[in-house]
2 protein chains.
Amino acid sequence: MDAYTCIRTKRDTRAYQDKPIPEQSLQRILQAGRMAGSAKNRQPCRFVVLQDASKKKELATCGQFAQHIGSAPVAVAIVLPQGAREFDAGRCAQNMMLAAWAEGIISCPITMHDNACALRVLGVPQGYRVSIVLAFGYPPSSDPRPKGTPRIPLEELVHWGNW
Amino acid sequence: MDAYTCIRTKRDTRAYQDKPIPEQSLQRILQAGRMAGSAKNRQPCRFVVLQDASKKKELATCGQFAQHIGSAPVAVAIVLPQGAREFDAGRCAQNMMLAAWAEGIISCPITMHDNACALRVLGVPQGYRVSIVLAFGYPPSSDPRPKGTPRIPLEELVHWGNW
């Protein structure tokens, strides 16, 4: 898939087929996260990859809208040192989700409202927090794009030269 | 360019040719930002596009490492409502920078350390902050990739099943 089409058509989607993600696709997703730029090239993001069903279900209890972690074949937690900028985690997450979508794999970022719960389930040492969990899987139908609220028109988003 | 190659080869780069960015490429960059997913589809990101030389130079005084805004043909400020998550701005920025790179355009995110200065230069109303400024331009040589610190190996970044 060409890059612009991939960017333009990616949607955050919360329902997945019960079908595993091939090793090669998962490697690409993780490499995409690794290659994301970061402030001063500090590379603050670390990844915890979950494939075990019981562990995924446990993690799903740590967020308010996290049930679908249980139905995703793979979940990847992005872990940051305390004090690191969420901005870099967003760049990293977007890279991973776009690389996934280029493989036909859909995804959704999930907030861990009870961060202590997520840190405990993932076995993360002190000094870190879970920035986000990304759920990955194959779309359940031939059209994975949800029919949700459309994007705001570009003319409303963009100011030229001055707000 | 295919999506994975685009993601894998994108580097943050701070030196640009004195060559304008075509209107169509700029539209693609902005559309890519528009299409980025966001928490609860709130779409918090707004863009201020700068092409005027004196305005870019003024904005360059608002960050500690922001001089290269002046040499970039286009700078795009991502503006967030106060309290919105930086994570969504990171996703949006990465979309824009990847769409640019697919067009052969390099970029670099720049922090506005003096946010009040940036808000004033950009004419942003109260209740917002400048999350980041993205500088866009063409690479000065045939190989735009800087020879900086390499990425940490994947084995060090990834924990399988448990940290």
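Residues numbered from 1 in each chain as written. Chains lettered and ligands numbered in written order. Predicted model: local features only at pLDDT ≥ 70, side-chain atom pairs only at ≥ 80, totals over all residues. Heavy atoms only, no water.

> What is the right way to read the overall build of chain A from this model?
Each helix and strand counted, chain A has six helices and five strands in total. From first element to last, N terminus to C terminus, chain A shows the α and β order α-α-β-α-β-α-β-α-β-α-β. In summary, chain A has a C-alpha radius of gyration of 16 Å against a globular reference of 15 Å for 163 residues, a match within 12%. The C-alpha extent of chain A, read off along each of the three principal axes, is 45 × 40 × 30 Å. Sorting the 163 residues of chain A into buried and exposed places 58% on the buried side. (Helix = DSSP H or I, 4+ residues; strand = E, 2+ residues; numbered from the N terminus. Rg over C-alpha atoms; globule rule 2.2 N^0.38 Å. Buried < 20%, exposed > 50% of the residue type's maximum accessible area, 1.4 Å probe, protein only.)

> What should I look at first to understand the side chain of aspartate 88 of chain A in this one?
Mapped onto the elements of the fold, aspartate 88 of chain A is located in helix 4 (residues 86-102). Arginine 91 of chain A provides the closest opposite charge to the buried, salt-bridge-free aspartate 88 of chain A, at an N-O distance of 4.7 Å. (Lys, Arg positive; Asp, Glu negative; His and termini not counted. Salt bridge = Lys/Arg side-chain N within 4 Å of Asp/Glu carboxyl O.)

> Got a minute to help me understand unusual backbone geometry in this structure?
Peptide bonds are, in most cases, trans, and in most cases residues other than glycine have a negative phi. Residues and elements named next belong to chain A. Even without being glycine, lysine 40 reaches a positive phi, approximately 55°. Turning to its location among the elements, lysine 40 is positioned in the loop between helix 2 (23-34) and strand 1 (46-50). We classify lysine 40 as exposed; its relative accessible area is 60%. The backbone of glutamine 43 shows a phi angle near 50°, a positive value even though the residue is not glycine. Mapped onto the elements of the fold, glutamine 43 is located in the loop between helix 2 and strand 1. Classification of glutamine 43 by relative accessible area gives buried; the value is 9%.

> Where do I start with the interface of chain B and chain A in this structure?
Interface size is commonly expressed as the accessible surface area that is lost when the partners come together. With 71 residues of chain B at the contact, the number on the chain A side is 71 residues. Where chain B abuts chain A, roughly 6100 Å² becomes buried across the two surfaces, and 59% of that area is made up of carbon and sulfur atoms. The largest share of the area that chain B buries against chain A comes from Tyr4, Arg151 and Trp163 of chain B, three residues that together contribute 14% of it. On inspection of chain B and its partner chain A, the count reaches four salt bridges. Across the salt bridge formed by arginine 91 of chain B and aspartate 12 of chain A, the nearest N and O atoms sit 2.9 Å from each other. Those elements that provide at least two residues to the side of chain B that touches chain A are helix 1 (3-9), helix 2 (23-34), strand 1 (46-50), helix 4 (86-102), helix 5 (115-122), strand 4 (128-137), helix 6 (154-157) and strand 5 (158-160) of chain B. Ranked by residue count, the leading element in the side of chain B that touches chain A is helix 4 of chain B, at 12 residues. Within the side of chain B that touches chain A, the residues separate by chemical class into 39 nonpolar, 17 polar and 15 charged. Of the pairings in the sheet, the one linking strand 5 (residues 158-160) of chain A to strand 1 of chain B comprises three bridges and is parallel in character. The residue of strand 1 of chain B that forms the bridge with valine 158 of chain A is phenylalanine 47 of chain B. (Contact = heavy atoms within 4.5 Å. Buried area = accessible area lost by both parts, 1.4 Å probe. Nonpolar A, V, L, I, M, F, W, Y, C, P; charged D, E, K, R; others polar. Pairing = 2+ DSSP bridges.)

> What is the right way to look at the packing of helix 2 of chain B against helix 4 of chain B in this model?
To characterise two packed helices, one gives the angle between the axes of the helices and the distance between these axes. Residues and elements named next belong to chain B. In contact at an axis separation of 7 Å, helix 2 and helix 4 are set at 150° when each is read in the N-to-C sense. On the basis of their axis angle, the class for helix 2 and helix 4 is roughly antiparallel. Where helix 2 crosses over helix 4, the handedness of that crossing is right-handed. Contacts between helix 2 and helix 4 involve Arg28, Ile29, Leu30, Ala32 and Gly33 from the first element and Cys92, Asn95, Met96, Ala99 and Ala100 from the second. Considering only residue class, the contact of helix 2 with helix 4 consists of seven nonpolar, two polar and one charged. (Axes fitted to C-alpha atoms, helices over the stretch in contact; angles between N-to-C directions. Parallel < 35°, antiparallel > 145°, perpendicular 65-115°, else oblique. Left-handed = near helix turned anticlockwise from the far one by under 90°.)

> What should I look at first to understand the sheet that holds strand 2 (residues 74-81) of chain B in this one?
Across a sheet, strands are paired by hydrogen bonds formed along the backbone, either parallel or antiparallel in direction. Sheet architecture is open: five strands sit in the order 5(A)-1(B)-2(B)-4(B)-3(B), paired in mixed fashion. Looking along the sheet, the strands with just one partner apiece sit at the ends: strand 5 of chain A together with strand 3 (106-110) of chain B. The average undirected angle you get between the axes of adjacent strands in this sheet is 25°. Contacts from helix 4 of chain B reach strand 1, strand 2, strand 3 and strand 4 of chain B, with the element oriented near 15° to strand 4 of chain B.

> It is not clear to me how the relation of the copies chain B and chain A should be interpreted in this structure. Could you clarify?
A rotation about an axis combined with a shift along that same axis relates the two copies of the chain. Aligned on chain A, chain B shows an RMSD of 0.0 Å; the corresponding rotation is 180° and the shift along the axis is 0.0 Å. Those values place the two copies in the arrangement expected of a two-fold rotation axis. Taken as a fraction of all interface residues of chain B, those also at the interface in chain A reach 100%, which identifies the copy contact as same-surface. (Least-squares fit on C-alpha atoms with pLDDT ≥ 70 in both.)

> Mind showing me how you'd approach the pattern of salt bridges here?
When their charged atoms lie close together, side chains carrying opposite charge are able to pair. Using the criterion set out here, one finds 10 salt bridges over all chains in the structure. We note a salt bridge from glutamate 86 of chain A to arginine 129 of chain A, for which the minimum N-O separation is 2.8 Å. Highlighted residues: glutamate 86 of chain A in helix 4 and arginine 129 of chain A in strand 4 (residues 128-137), separated in sequence by 43 residues. The pair glutamate 86 of chain A / arginine 129 of chain A is uniform in exposure class, with both members buried. Of the charged contacts, one joins arginine 28 of chain B and glutamate 103 of chain B as a salt bridge, the two residues approaching to 3.2 Å between their closest N and O atoms. Highlighted residues: arginine 28 of chain B in helix 2 and glutamate 103 of chain B in the loop between helix 4 and strand 3, separated in sequence by 75 residues. Accessibility expressed as a relative area gives 27% for arginine 28 of chain B, which makes it partly exposed. Residue class for glutamate 103 of chain B comes out partly exposed when judged on its relative accessible area of 25%. Beyond isolated ion pairs, a larger network of salt bridges with shared partners links Lys10 and Asp12 of chain A together with Arg91 of chain B.

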